[in-house]
Amino acid sequence: MKKRLMVRGLSETLTLASNNTFSFTRLFCSSTTSTSSTFALKNVTKSNFECALNDLRRHVRDADFVSIDLEMTGVTSAPWRESFEFDRFDVRYLKVKDSAEKFAVVQFGVCPFRWDPSKQCFTAHPHNFYVFPRQEIPVDGPSYEFLCQTTSIDFLAKYQFDFNACIHEGVSYLSRGQEDEAMRRLKMAYEDEVSESWSHLKEDKDTPLVRMADVLFAERMKNIISEWRDELLRDRNRGSKFEGTSSDSNQQFQTIFFNMRPAITLSGFTSHQLRLIQLVTKKHFKDLAYVRVNRETSCVQHLIVYTDSKTDWELVMKEVKDGLRKEAEMKIKAAVGFRHVIDLLSSEQKLIVGHNCFLDIAHIYSKFFGTLPLTAEEYVSSVHKYFPYIIDTKILLNANNILQHMMKKGSTSLSKAFAVLCPQIASGVKSSSLAFKPCVKVEVQVDDMRSSNWNSGAKHEAGYDAFMTGCVFAQACSHLGIDFELHSPSANLAYDEKLQKHINLLYLSWINEDIIDLRTGKAAESSGSTNLKTRYPKILFPNIALIWGFPSKLKGREIRECLCKVFGLHSVASIYHLDETAVFVQFSKPDLVSDFLELKETLERSNDPISVLHPLSKILEGGSTRAASYEIYREICSSPFSKVLFADQAEAIGIKWKTKLLDRKVEAETERDESFSKENGEKTVLLTKAGQIIKDPYCAHFPSDELIDSLYPAEAHLSK
């Protein structure tokens, strides 16, 4: 079993990059002749984010399509959460959901491609964003946390990922849900503050001072404020012009202007003293307003402002509160950060291109839109609203015989596809050889630098992988018969009839070629001919029982032998290990699942010597063995947390053995048998007898495989 260590945050991984120089850009040199251009990939951190975002807006607006790629801190939070052949369509989505919710995106590649009719080539603008979920605004609850998978972190370090740039300079973000919640809290705080400032005004005035020190301090402040106010009024009555720079020797009071009104600043006081000054001001001076404002230096300044009337006093208080609210709103907008890029891609409605990108899209939704829905149907409905046109290059590579032949019907990884379909770009060599002549030319532009033969060679940097994905897409389109020379810049590539049948189809699982249609949320048939599913036995989910917590010394072969002794030689079609603590058992008939669960429960309630000799006792030894139908597996996968071992996970969420689902299944079978008996009494007798034989713990190990088949003629016929 693969060993993984899940750790919180990235602090322990910084040593992987300790020998790397802290930098925000990296030069990627071609390994070929001088005809290959050498200049940096566009790396974006928080220091140049605003400038890069402005450029990206223009490039995306003019683009024919935009390719993306993500680098994450991990993929699976536990070994049993990996994608298995026995995973049903809805379970696969739950595993993707778990991954997107638990791991962080640390790098995001965006590469707009625009067709240049004058040069008859695409111009690519690769951007490599460092992303880090920093808490930019104060919020209630814990700060961001995420998992790291050691294999993923080691993989990033192997390709010189700059962890320092990511953590210190990565662009932070707020999802739309987080922004809405922050705005809601701000509005509530503003309304509460306005309400409290008026409702508690009288109450504050009447608050008695208990401590003698407070009484003396309040009296001293009253005298100082009164002297300042009286002098201010005398100057105004004499017609003297107020200069606004006077201060006392302690620099605790300084007269200034605030919004065209004379005011006095309060410096060097404790929070308790400021509270006393506020009470004194409210109680004794109706024409003075005590306010708190934020200065450009991010420090809070406390002021006492002179007002001409009650109306002017109310206006000052409103101006201050509106200013504070506006500042808070600006902080929230600034904290949106990298989500501005996602909003840009969504609003422009461009064709989004990824490679095996279902997990990427799930991360985008989870990080930048909101909580992932519980079902695949709800999820794709929401995704389709934000990104109506998504295409997976892995789908294209398996949709065309020519492309399959070029890939030699083998691996369709991004690096291999790039090397096969874009050899001239991948090698960085200009050549007149037909073998190195791409169908579609691609030029790269980064700021003012441009090259028709650019290759950074920085595989697994999100920006460069996004560039490779776009290049593969352009070449694949050419092999599908799309002639870009006839392409109009005003035409939407997503509407091309040759691409229509491939758009919005993504691989939910490459293992079993499960394809999800983003328009319907349903499974779609693979148009390729790789036939990966033929490598594995046919999975019949109603036939599957889940067993966990059995003795650790027990192997899958031994579990099969125990079950076959009870239910027949060919009663078990296959056994598959989730991990060392759990197995899937696929029976030859669906009824055997309920029969097994009922028999297990009966044996566990029996303490007589005969039950100890039963073949299943080997599986039940120790009293910790649990079993359930496939639906319980789905329930366990939907849990928001992950234990390393499946048995621990089931125990943690309170699942030991399921009688409710079993009872419902028994009731359903009883209704079916009663209905069937009205049509054919003799067959019902056979089925009932079969049930009695298998459910009886003292004779369940006697029936042979032939007897089982003879007692289930209908099921035996359907299983062929």
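Look a little higher up for the structure.
Computed from a predicted model, the values in this text were never measured in an experiment.

**Student:** Describe the packing of aromatic side chains, with residues and values.
**Tutor:** Applying the stated criterion across every chain yields a total of 44 aromatic pairs. Ring geometry for Trp-80 and Phe-646: centres 5.4 Å apart, planes at 85°, overall edge-to-face. Here the residue Trp-80 occupies a position in the loop between strand 3 (65-72) and helix 2 (89-102), and Phe-646 occupies one in helix 24 (residues 646-652), the gap between them amounting to 566 residues. Neither residue differs from the other here; Trp-80 and Phe-646 are each classed as buried. Aromatic rings pair up to connect Trp-80, Phe-84, Phe-86, Phe-541, Trp-548, Tyr-576, Phe-584, Tyr-630, Tyr-633 and Phe-646 into one cluster. The lysine or arginine in question, Arg-88, covers the ring of Phe-541, its NZ or CZ lying 6.0 Å from the ring centre.

**Student:** Please set out the side chain of Asp-517 residue by residue, giving values where relevant.
**Tutor:** Mapped onto the elements of the fold, Asp-517 is located in strand 17 (residues 514-517). Other than its neighbours up to four places away in sequence, Asp-517 contacts Val-380, Asn-504, Leu-505, Lys-522 and Ala-524.

**Student:** Tell me about the sheet that holds strand 11 (residues 300-306), and name the residues and values.
**Tutor:** Across the sheet, which stays open at both edges, the four strands sit in the order 8-9-11-10 with antiparallel pairing between neighbours. Where the open sheet ends on each side, the last strands, each with one partner, are strand 8 (253-258) and strand 10 (288-294). Between one strand and the next, the sheet's axes are offset by a mean angle of 35°, whatever the strand orientation. Pairing geometry for strand 8 and strand 9 (residues 261-266), over six bridges, is antiparallel. Looking at strand 9, one finds that Phe-257 is bridged to Pro-262. Its contacts with the sheet place helix 7 (residues 212-238) against strand 8, strand 9, strand 10 and strand 11, and it is angled at close to 55° to strand 11. Against the sheet, helix 9 (residues 310-335) engages strand 8, strand 9 and strand 10, with an angle of about 10° to strand 10.

**Student:** Outline the packing of helix 15 (residues 414-421) against helix 17 (residues 462-479), supporting the account with residue identities and numerical values.
**Tutor:** Running from N to C, helix 15 and helix 17 cross one another at 50°; their axes reach a closest spacing of 9 Å. The angle between helix 15 and helix 17 places the two elements in the oblique class. With respect to the hand of their crossing, helix 15 and helix 17 are arranged in left-handed fashion. Each of Leu-414, Ala-417, Phe-418 and Leu-421 in helix 15 lies in contact with helix 17, whose residues at this interface are Tyr-464, Asp-465, Phe-467, Met-468, Thr-469, Cys-471, Val-472, Gln-475 and His-479.

**Student:** Summarise helix 9; cite the residues concerned and give the values.
**Tutor:** For helix 9, with 26 residues, the first-to-last C-alpha span of 38 Å sits near the 38 Å given by 1.5 Å per residue. By the burial criterion, the buried members of helix 9 are Asp-312, Trp-313, Val-316, Met-317, Val-320, Lys-321, Leu-324, Ile-332 and Ala-335. Note on helix 9: the residue one or two positions beyond its end, Gly-337, has a positive phi of about 55°.

**Student:** How would you summarise the pattern of salt bridges if you had to cite specific residues and measurements?
**Tutor:** Going through the model one piece at a time under the given rule, you end up with 31 salt bridges. Here Glu-601 makes a salt bridge to Arg-605, at a shortest N to O gap of 2.9 Å. Residue Glu-601 and its partner Arg-605 are located together in helix 20 (residues 591-605), separated by four residues, close to a single helical turn. What makes Arg-605 exposed here is its relative accessible area of 59%. A network of salt bridges, in which partner residues are shared, links Arg-176, Glu-179, Lys-333, Arg-339 and Asp-343.

**Student:** Let's hear about the sheet that holds strand 22 (residues 626-629): which residues, and what values?
**Tutor:** Strand order in the open sheet formed by four strands is 20-21-19-22, with antiparallel pairing between adjacent strands. Each having just a single partner strand, strand 20 (572-579) and strand 22 make up the two edges of the open sheet. Between one strand and the next, the sheet's axes are offset by a mean angle of 20°, whatever the strand orientation. With five bridges connecting them, strand 19 (residues 544-548) and strand 21 (residues 582-587) associate as antiparallel partners. For Ala-545, the partnering residue across the bridge sits in strand 21 and is Val-585.

**Student:** Residue-level account of the side chain of Arg-134, with values.
**Tutor:** Tracing the chain through its elements places Arg-134 in the loop between strand 6 (127-130) and strand 7 (147-149). Residue Arg-134 is classed as buried on the basis of its relative accessible area of 18%. A polar contact is formed between the side chain of Arg-134 and the backbone oxygen of Gly-170, at a distance of 3.0 Å. Not counting residues up to four positions away in its chain, the partners in contact with Arg-134 are Lys-46, Tyr-144, Cys-166, Ile-167, His-168, Glu-169, Gly-170 and Ser-172.

**Student:** Got a sec to walk through the pairing of strand 16 (residues 505-509)? Specific residues and values, please.
**Tutor:** The buried fraction of strand 16 amounts to five of the five residues, a majority that puts the element mostly inside the structure. Of the pairings in the sheet, the one linking strand 16 to strand 17 comprises four bridges and is antiparallel in character. Across the sheet, residue Tyr-507 finds its bridge partner in strand 17, namely Ile-515.

Cut-off values and rules
Residues numbered from 1 in each chain as written. Predicted model: local features only at pLDDT ≥ 70, side-chain atom pairs only at ≥ 80, totals over all residues. Heavy atoms only, no water. Phe/Tyr/Trp six-rings, centres within 6.5 Å; stacked < 30°, edge-to-face > 60°. Helix = DSSP H or I, 4+ residues; strand = E, 2+ residues; numbered from the N terminus. Buried < 20%, exposed > 50% of the residue type's maximum accessible area, 1.4 Å probe, protein only. Lys NZ or Arg CZ within 6 Å of the ring centre and 35° of its normal. Contact = heavy atoms within 4.5 Å. Pairing = 2+ DSSP bridges. Axes fitted to C-alpha atoms, helices over the stretch in contact; angles between N-to-C directions. Parallel < 35°, antiparallel > 145°, perpendicular 65-115°, else oblique. Left-handed = near helix turned anticlockwise from the far one by under 90°. Expected span 1.5 Å × (residues − 1). Salt bridge = Lys/Arg side-chain N within 4 Å of Asp/Glu carboxyl O. Polar contact = N/O pair within 3.5 Å; in protein donor to acceptor, adjacent residues only side chain to side chain.

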